[in-house]
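In case you want the letters, here they are:
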Amino acid sequence: MGSAPSMLTQYDIEEVQEHCNNLFTQQEIVSLYKRFCHLDRNAKGFISADEFLSVPEFAMNPLSQRLLKMVDGLNFKDFVAFLSAFSTKSTVPQKIEIIFKVYDSDCNGKVTFSDIIHVLHDLTGSFMSDKQREEVLGQFLREAGYTRESYLLLDDFIKILDNPVLKMEVEVPDD
């Protein structure tokens, strides 16, 4: 698994499967490996920010710059582990952990009012004013039992977002 164009062995597949908590089948891992190799244009064994940005859906995502901080330089095992949060088999807390990391841009384990405002700005652009974003977020935090001065930890995010209608899933097509 050191160089991208090599083939995965059964051992590699099982190792990756274990690394991602068995959230992908072996067939899905092989399919993801093909996509990984396609993205890893220079066969370095990892995917750079520029290579991720070559995926139009990723480049157009308003959070792409935040996501790049999380995915730049991922090797195949870590690429699959990252994607496992989007698996239909992952738990809601696993999905929320990815959301938390998007908001926690300084990676200090805390999300502040300001962190959330920055993400909301990325998501809404000029469709909402700064004042509207602050009012909506302030109301949301008050209803959840927090204030503008609160900082949220991962457990707080899980408490707020653990909602049965939350869907964050992707399907890995079989090639």
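Numbering of residues starts from 1 in each chain and follows the order in which that chain's sequence is written. Predicted model: local features are reported for residues with pLDDT of at least 70 only, side-chain atom pairs are reported and counted for 80 or more only, and whole-chain, interface and lining totals are derived from all residues. Only hydrogens and water are set aside when side-chain values are computed; all heavy atoms of the structure are taken into account.

- By the naming in an unreviewed UniProt entry, the protein chain is Calcium-binding EF-hand family protein, taken from Forsythia ovata.

### Section: the overall build of the protein chain
Turning to step 1, where the next piece is worked out: A tally of helices and strands in the protein chain yields 10 helices and 2 strands.
Turning to step 2, where the next piece is worked out: Working definition: helices are DSSP H or I runs of at least four residues, strands are E runs of at least two. Numbering for both runs from the N terminus. Taken from N to C terminus, the helices and strands of the protein chain fall in the order α-α-β-α-α-α-β-α-α-α-α-α.
Turning to step 3, where the next piece is worked out: Taking all 175 residues of the protein chain together, 39% fall into the buried category.
Turning to step 4, where the next piece is worked out: In what follows, residue pairs with any heavy atoms lying within 4.5 Å of each other are defined as contacts. The long-range fraction of contacts in the protein chain, counting pairs at least 24 apart against all pairs at least 6 apart in sequence, stands at 61%.
Turning to step 5, where the next piece is worked out: The Shrake-Rupley method, run with a 1.4 Å probe, gives the accessible areas here. Residue values count only the displayed protein chains as cover. Accessible area of the protein chain: about 10,200 Å², with a carbon and sulfur share of 55%. With a 1.4 Å probe rolled over the protein chains alone, any residue whose accessible area is under 20% of its type maximum counts as buried; one over 50% counts as exposed, and the rest are partly exposed.

### A few points about the confidence of the model for the protein chain
Turning to step 1, where the next piece is worked out: On a scale of 0 to 100, pLDDT captures the predictor's confidence in every residue. Per-residue confidence for the protein chain averages 87 on the pLDDT scale, and 89% of its residues sit at or above 70.
Turning to step 2, where the next piece is worked out: Here helix H4 (residues 56-60) stands out as the least confident element of the protein chain, with mean pLDDT 88; helix H1 (residues 10-19) is the most confident, with 95.

### Overview of the pattern of salt bridges
Turning to step 1, where the next piece is worked out: Whenever Lys or Arg places a side-chain nitrogen within 4 Å of a carboxyl oxygen from Asp or Glu, that contact is recorded as a salt bridge. Using the criterion set out here, one finds 8 salt bridges in the structure.
Turning to step 2, where the next piece is worked out: Between Glu15 and Lys77 there is a salt bridge; the shortest N-O distance is 3.0 Å. Of the two residues, Glu15 sits in helix H1 while Lys77 sits in helix H6 (residues 76-84), which places them 62 residues apart along the sequence.
Turning to step 3, where the next piece is worked out: Residue Glu135 is joined to Lys131 by a salt bridge in which the shortest nitrogen-to-oxygen separation is 4.0 Å.

### Some remarks on the side chain of Asp115
Turning to step 1, where the next piece is worked out: Looking at where Asp115 falls in the secondary structure, it is placed in helix H8 (residues 113-124).
Turning to step 2, where the next piece is worked out: Only four residue types enter the charge count: Lys and Arg as positive, Asp and Glu as negative, with His and the chain ends excluded. Although Asp115 is buried, it forms no salt bridge, and the closest oppositely charged side chain is Arg66 at an N-O distance of 6.3 Å.
Turning to step 3, where the next piece is worked out: N or O atoms closer than or at 3.5 Å make up a polar contact, with two conditions inside protein: a donor-capable atom paired with an acceptor-capable one, and, for residues adjacent in sequence, both atoms drawn from side chains. Of the polar contacts made by the side chain of Asp115, one reaches the backbone nitrogen of Thr112; its length is 2.9 Å.
Turning to step 4, where the next piece is worked out: For Asp115, the residues in contact, after removing those within four places along its chain, are Arg66, Tyr103, Ser105 and Lys110.

### Observations concerning helix H7 (residues 92-103)
Turning to step 1, where the next piece is worked out: Given a helix with a known number of residues, its expected span is that number minus one, times 1.5 Å. The end-to-end C-alpha separation of H7 is 17 Å, in line with the 16 Å expected for 12 residues at 1.5 Å each.
Turning to step 2, where the next piece is worked out: Among the residues making up H7, those that are buried are Lys95, Ile96, Ile98, Ile99, Phe100, Val102 and Tyr103.
Turning to step 3, where the next piece is worked out: Looking at the buried side of H7, the elements it contacts are helix H5 (64-71), H6, H8 and helix H10 (154-161).

### Some remarks on the packing of H1 against helix H2 (residues 26-39)
Turning to step 1, where the next piece is worked out: Helix axes are fitted to C-alpha atoms over the stretch in contact, other axes to C-alpha atoms as well, and angles between N-to-C directions run from 0 to 180 degrees. Two elements in contact, H1 and H2, have axes whose closest approach is 10 Å; the angle formed by their N-to-C orientations is 100°. Taken together, the axes of H1 and H2 are roughly perpendicular relative to one another. When H1 is examined against H2, the residues Gln10, Ile13, Glu14, Val16 and Gln17 are found in contact with a partner set consisting of Gln26, Ile29 and Val30.
Turning to step 2, where the next piece is worked out: Gly falls in the polar group here, along with every residue not listed as nonpolar (Ala, Val, Leu, Ile, Met, Phe, Trp, Tyr, Cys, Pro) or charged (Asp, Glu, Lys, Arg). Partitioning the contact of H1 with H2 into residue classes produces 4 nonpolar, 3 polar and 1 charged. Should an angle fall under 35 degrees it is taken as roughly parallel, and over 145 as roughly antiparallel, whereas 65 to 115 is taken as roughly perpendicular and any remaining angle as oblique.

### Points about unusual backbone geometry
Turning to step 1, where the next piece is worked out: Phi is positive for Asn21, which is not a glycine, with a value near 60°.
Turning to step 2, where the next piece is worked out: Looking at where Asn21 falls in the secondary structure, it is placed in the loop between H1 and H2.
Turning to step 3, where the next piece is worked out: The backbone of Ala43 shows a phi angle near 50°, a positive value even though the residue is not glycine.
Turning to step 4, where the next piece is worked out: Along the polypeptide, Ala43 turns up in the loop between H2 and strand E1 (46-47).

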